[in-house]
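Each chain, written out:
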Amino acid sequence: MAMIPNFFGNRRNSILDPLSLDLWDPFKDFDFPSVSSSPQFSRENSAFINTRVDWKETPEEHVFKADLPGMKKEEVKVEIEDDRVLQISGERNVEKEDKNDTWHRVERSSGKFSRRFRLPGNVKMDNVKASMENGVLTVTVPKVEMKKSEKKSVEISG
């Protein structure tokens, strides 16, 4: 084994090491003013702040799905603002610490999150529905039925 060069070094968290248990963060050494200057947006909260939301459009409706693992529906708010802005927000509180506990790793995120989406003009804002199951929030916004355009022949003079 000594004759094989050690490309991975002596650390077990190299990005080239397929057996590494730590994920490589390409942005850890960059100082982003918007994130690092505000204590409420610490690196521990960044995963929760950037809550992932899928938005798909079907012929009948717009469907939003947000992954919110471990959250209860009471901790999440779905609101319609300024006629056509859908806002999904919530907060996960930090677990209470016991002075006798020894923490080895803290990876679960906590803090507030908010995502906003400007909806198109073809939606029924009065019929928005939301449901939460197994940590996935689903918001359904029905579309207004569009009238089919009629073709009319125009006579050309001359």
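Worth saying up front: this structure is predicted, and the values here are computed from it rather than measured.

(A) Representation of the overall build of the chain in the model. When its secondary structure is counted, the chain shows two helices and seven strands. Mapped in sequence order, the helices and strands of the chain form the string α-α-β-β-β-β-β-β-β. Expressed as a percentage of its 158 residues, the buried residues of the chain come to 25%. If you take every contact in the chain between residues at least 6 apart in sequence, the share linking residues at least 24 apart comes to 50%. Carbon and sulfur atoms provide 51% of the accessible area of the chain, an area that totals close to 13700 Å².

(B) How the structure looks around the sheet that holds strand β4 (residues 85–92). Strand order in the open sheet made by the three strands is β3-β4-β5, with antiparallel pairing throughout. A strand with exactly one partner marks an edge of an open sheet, and here the two such strands are β3 (76–81) and β5 (111–118). Direction aside, the axes of adjacent strands within the sheet are offset by 15 degrees on average. Here β4 pairs with β5 via eight bridges, running antiparallel. Residue pairing across strands places V85 opposite R118, the latter belonging to β5.

(C) A look at the pairing of β4. Of all eight residues in β4, seven are buried; the element is thus mostly enclosed. Pairing geometry for β3 and β4, over six bridges, is antiparallel. Each residue of the ladder has a partner; that of V76, found in β4, is G90. Where β3 hands over to β4, the hairpin turn is made up of three residues, of which D82 adopts a positive phi near 45 degrees.

(D) Fine view of the environment of S114. One can find S114 in strand β5. On the basis of relative accessible area, S114 is assigned to the partly exposed category, the value being 39%. Spatially, the C-alpha atoms of S114 and E91 are 8.9 Å apart, while their sequence positions differ by 23 residues. Beyond its immediate chain neighbours, meaning those up to four positions away, S114 contacts Q87, I88 and S89. For S114, the side chain forms a polar contact with the side chain of Q87, separated by 3.5 Å.

(E) Layout of the side chain of Q87. For Q87, the position within the fold is in strand β4. Here Q87 falls in the buried class, since its relative accessible area comes to 11%. Among the polar contacts listed, one links the side chain of Q87 to the side chain of R116, at a separation of 3.2 Å. Sequence-distant contacts of Q87, defined by excluding residues within four places in its chain, comprise K77, V78, E79, E81, S114, R115 and R116.

What counts and what doesn't
- Residues numbered from 1 in each chain as written.
- Predicted model: local features only at pLDDT ≥ 70, side-chain atom pairs only at ≥ 80, totals over all residues.
- Heavy atoms only, no water.
- Helix = DSSP H or I, 4+ residues; strand = E, 2+ residues; numbered from the N terminus.
- Buried < 20%, exposed > 50% of the residue type's maximum accessible area, 1.4 Å probe, protein only.
- Contact = heavy atoms within 4.5 Å.
- Areas by Shrake-Rupley, 256 points an atom, 1.4 Å probe, with all protein chains shown as cover.
- Pairing = 2+ DSSP bridges.
- Axes fitted to C-alpha atoms, helices over the stretch in contact; angles between N-to-C directions.
- Polar contact = N/O pair within 3.5 Å; in protein donor to acceptor, adjacent residues only side chain to side chain.

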